[in-house]
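Reading the structure
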Amino acid sequence: KQWYQRRVRGWSIENKIKFHPAKCKVVRTSLKRKNLNILYHLDGVFLCSDAHERDLGVILSSKMSYADHIESTISKASQKLGLVKRHCEVVNNTRSRRT
């Protein structure tokens, strides 16, 4: 799929956007059991492959599943709830009434 890389490179030159190869990753998306092992490169630097990647705050998985994103979101919410419970007396005392 080198034609796609050439197309992206042409687009970046046309729009005056430079890709930093060390910051780029490849996430292969396929529902097949065996993924193709194709090496991608950008400006002569081979790009590393990863099973999931965070983009615009959403974790993208190679299996097109949101399970990793949901797990991360629940974990962050639990941490914040724990912080509130530790530092807020009203939350800890469930028998007290708000006035």
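Above this text sits the structure in question.
Attention here is on the structure that accompanies the text. (Residues numbered from 1 in each chain as written. Predicted model: local features only at pLDDT ≥ 70, side-chain atom pairs only at ≥ 80, totals over all residues. Heavy atoms only, no water.)

For the rest of this paragraph, the subject is the overall build of the protein chain. Each helix and strand counted, the protein chain has three helices and six strands in total. Helices and strands in the protein chain line up, N terminus first, as α-β-β-β-β-β-β-α-α. Split into buried and exposed, the 99 residues of the protein chain put 14% on the buried side. By element, 56% of the accessible surface of the protein chain is carried by carbon and sulfur atoms, the whole surface being about 9100 Å². (Helix = DSSP H or I, 4+ residues; strand = E, 2+ residues; numbered from the N terminus. Buried < 20%, exposed > 50% of the residue type's maximum accessible area, 1.4 Å probe, protein only. Areas by Shrake-Rupley, 256 points an atom, 1.4 Å probe, with all protein chains shown as cover.)

Attention shifts here to the pairing of strand E5 (residues 52-55). As judged from the four bridges shared by E5 and strand E6 (residues 58-61), these two strands associate in the antiparallel manner. The residue bridging His52 from the neighbouring strand is Ser61, located in E6. The antiparallel pairing of E5 with E6 creates a hairpin that spans two residues between the two strands, and Leu56 there sits at a positive phi of about 55 degrees. (Pairing = 2+ DSSP bridges.)

Take the layout of surface pockets next. The space that makes up the largest pocket amounts to roughly 730 Å³. Lining the largest pocket we find 21 residues, and of these Tyr4, Lys25, Val26, Val27 and Leu47 sit closest to its centre. For the lining of the largest pocket, the secondary structure elements donating two or more residues are helix H1 (2-14), strand E1 (25-26), strand E2 (41-42) and E5. Broken down by element, the lining of the largest pocket gets its largest block of residues, four residues, from H1. (1 Å grid on protein atoms, 1.4 Å probe; cavity = no way out; pocket = protein on both sides within 12 Å on 5 of 7 lines; lining within 4 Å. Points joined across faces, edges and corners; volume = space filled by probe spheres on them.)

Membership of the largest hydrophobic core is limited to five residues, which are Cys24, Val26, Tyr40, Leu42 and Leu47. If near-sequence neighbours (up to four positions away) are discounted, Leu47 is found in contact with Pro21, Cys24, Val26, Tyr40, His41 and Leu42. (Core = buried A, V, L, I, M, F, W, Y, C linked by side-chain atoms within 4.5 Å. Contact = heavy atoms within 4.5 Å.)

As a further point, take a nonpolar patch on the surface. Taken together, the side chains of Tyr66, Ile70 and Ile74 define a hydrophobic patch exposed on the protein surface, amounting to about 330 Å² of accessible area. Along the chain, the position of Ile74 falls in helix H2 (residues 67-87). (Patch = residues over 30% accessible without salt bridge, like charges linked within 9 Å, V, L, I, M, F, W, Y side chains within 5 Å. Salt bridge = Lys/Arg side-chain N within 4 Å of Asp/Glu carboxyl O.)

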